[in-house]
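Coordinate analysis (summary)
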Amino acid sequence: MATILVVDDSPTNREFLVTLLQYAGHRLLEAADGAEGLATARAGRPDLIIADILMPTMDGFEFVRQVRADPAIAQSQVIFCTAAYQEHEARNLARKCGVTEILTKPAEPEDVLHTVSRVLGLSRPPVAPSTGAEFDREHLRLLTDKLSQKVAELEAIRLRLAPAKLSRPLAPEHDLEPLLEDVSAAGRQLIGATYEALRESEQRLRQLAENIHQVFWMTDAEQTRMLYVSPAYEEVWGVTCQSLYERPLSFLDAVHPEDQERVRLAQAEKASGQYDVEYRLIRPDGSIRWIWSRAFPIRNEHGVVYRIAGISEDITQRKQVERLREDVTRTMVHDLRNPLDNIIGALDMLQLHFPEEAHSVAHKFLAVCYRNSQRMLILVNTILDVSRLESGHMPLERQETILADLVGEAFHLQMAQTEEKALLLRQELDPTLPLLWVDPALLGRVLQNLIGNAVKFTPSGGTIRVAAGLDPSPGRLPMVRVTVSDTGPGIPADLQDRLFQKFVTGRQPGRGSGLGLAFCRLAVEAHGGSIWVEPVASGGSAFHFTLPLLK
């Protein structure tokens, strides 16, 4: 029997899971939000926590971060719950948060029991959540989608506030009083029930909006009336929320003069839902902050936009880090690449003047210098490419691409090493896969990195397999999943969730710079896909990545 904590703001969802898992013999604890869940977990020390992703006070991602930060409960396993329409986005973000299992609402009892049994049977310790600007950006996008959903729910409830239509037939005059009582009771019941539903949904929206650090706001379609702005506005802009209620466009007064025109143009497109802009603002104390704003239209039952909601995030720290990184990268590339080019050119000339047969020792050392200079140049170029991908400054040159051709080329480049180690290379690509809409140069380098690593770490006589087919995970876009697996020693569990970070390397002999897999992650994500690693039951590792099939 295990102790399981269910954290969900929906009493119905909690009742379903508690009843089901109690029937299976487990001890159950309950909490209605993240803050209550933390307190309950610290008191009850659960073996497993099943947490809703989006809930008041604290969402599931922040909840997991705080669980892992507390040594008393850090070992508790976690399963996330999410609505089906959010599953694809949530699954990618959950993996970065260190959670590998997600139950989709509404979940079948068999699926719940099977997932719980599997997670309780894990022997490896939970992994710590990853952090960084990309995680925060995806986190914010998911919160924005949830806010949009809650706004739509409020509107649906408002539309149901209509007079009741009673079907009771007219009665004789002496029955008039009972009829009036029935009408009054029905009216009270309808208005009371609808008002309570509206109040509850509005309270949830307010809790969610007021417990995030970003600014959530809502205007009418003409942007002449501010309907709501969250308290974070005062912290970010340095002025009162009341000033925005009085002048809905007064936030533009603080926009940096160089960004005014761009923001006003974006503002004009807001009603169509195309508002997504980064800009600087000048606070009353003279400090400058970078803001990222995104808006979405809210439509009525006729499809007409009647509200505009949005979210604005202070991204100053991220911009400062990006600028520092770009400055360091430019300096490094300038200071290292030019001397390396000169060194390689000089080594070429020396090799011409020292024929191999006449000066074997000199030629041998020159060859060593030349190879290592080339490796250094590749490393410098990789650092530059990683930086450009991180900052979004590497444009993708997409074209229709045959995956089998790229795999074949990657195999060919590894032919000498595979023959030396007697490795078996296998292609298992679905022949019915359509063409990919990708940058073939970037995708080719991803395959070369993954296959090259597999060749490097697989013992002699082993097998390297590249497979591809349609991704079975549900999502909004059809995706292809590519898998590169090997029969090597595998990757330690404590390294698997950090493997795609920059400068993270394993403990095996011959490990590289720690940039190859970071490049793979950034290149795949630039295409709209995701990448992860899993152990192979029979030994070795399997690297999976997804790519969109459509233009």
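Each remark here, short or long, concerns the structure printed above.
None of these values were measured; they are calculated from a predicted model.

What follows concerns the packing of aromatic side chains. Counted under the stated rule, the structure contains four aromatic pairs. Here the aromatic rings of Trp237 and Phe251 are separated by 6.4 Å at their centres, their planes lie at 80°, and the arrangement is edge-to-face. Of this pair, Trp237 sits in helix H8 (residues 232-237) while Phe251 sits in the loop between helix H9 (241-246) and helix H10 (260-268), and the two are 14 residues apart along the sequence. Classification of Phe251 as buried rests on a relative accessible area of 10%. An aromatic cluster is built from Tyr233, Trp237 and Phe251, whose rings are joined through pairwise contacts.

This part takes up the sheet that holds strand S8 (residues 276-282). An order of S7-S6-S10-S9-S8 is seen for the five strands of this open sheet, with the pairing classed as antiparallel. Looking at which strands have only one partner, the edges of the open sheet turn out to be strand S7 (226-229) and S8. On average, each strand axis in the sheet is tilted by 25° relative to the strand beside it, whichever way the strands run. Where strand S6 (residues 215-220) lies against strand S10 (residues 305-314), six bridges are found, and the strand directions are antiparallel. The residue of S10 that forms the bridge with Trp217 is Gly310.

Moving on to helix H3 (residues 60-69). Along H3, the residues classified as buried are Gly60, Phe61, Phe63, Val64, Val67 and Arg68. Buried residues of H3 fall within an arc of 155° about the axis and therefore sit on the same side.

Moving on, we come to the pattern of salt bridges. Per the stated rule, a full pass over the model turns up 15 salt bridges. The closest approach of N and O atoms between Asp70 and Arg42, which form a salt bridge, is 2.8 Å. With Asp70 in the loop between H3 and strand S4 (77-83) and Arg42 in helix H2 (residues 34-44), this residue pair connects regions lying 28 residues apart in the sequence. Across the pair Glu428 and Arg465 runs a salt bridge whose closest N-O atoms are separated by 2.6 Å.

With that out of the way, let us pick up the packing of helix H15 (residues 440-457) against helix H17 (residues 516-526). It is at 9 Å that the axes of H15 and H17 come closest, and there the two elements cross at 145°. Pair H15 / H17 crosses with left-handed handedness. Within the contact between the two elements, H15 uses Leu442, Arg445, Val446, Asn449, Leu450 and Asn453 and H17 uses Gly516, Leu517, Phe519, Cys520, Ala523 and Val524. A breakdown of the residues in the contact of H15 with H17 according to their chemical character gives eight nonpolar, three polar and one charged.

Conventions adopted
- Residues numbered from 1 in each chain as written.
- Predicted model: local features only at pLDDT ≥ 70, side-chain atom pairs only at ≥ 80, totals over all residues.
- Heavy atoms only, no water.
- Phe/Tyr/Trp six-rings, centres within 6.5 Å; stacked < 30°, edge-to-face > 60°.
- Helix = DSSP H or I, 4+ residues; strand = E, 2+ residues; numbered from the N terminus.
- Buried < 20%, exposed > 50% of the residue type's maximum accessible area, 1.4 Å probe, protein only.
- Pairing = 2+ DSSP bridges.
- Axes fitted to C-alpha atoms, helices over the stretch in contact; angles between N-to-C directions.
- Arc of directions from axis to C-beta.
- Salt bridge = Lys/Arg side-chain N within 4 Å of Asp/Glu carboxyl O.
- Left-handed = near helix turned anticlockwise from the far one by under 90°.
- Contact = heavy atoms within 4.5 Å.
- Nonpolar A, V, L, I, M, F, W, Y, C, P; charged D, E, K, R; others polar.

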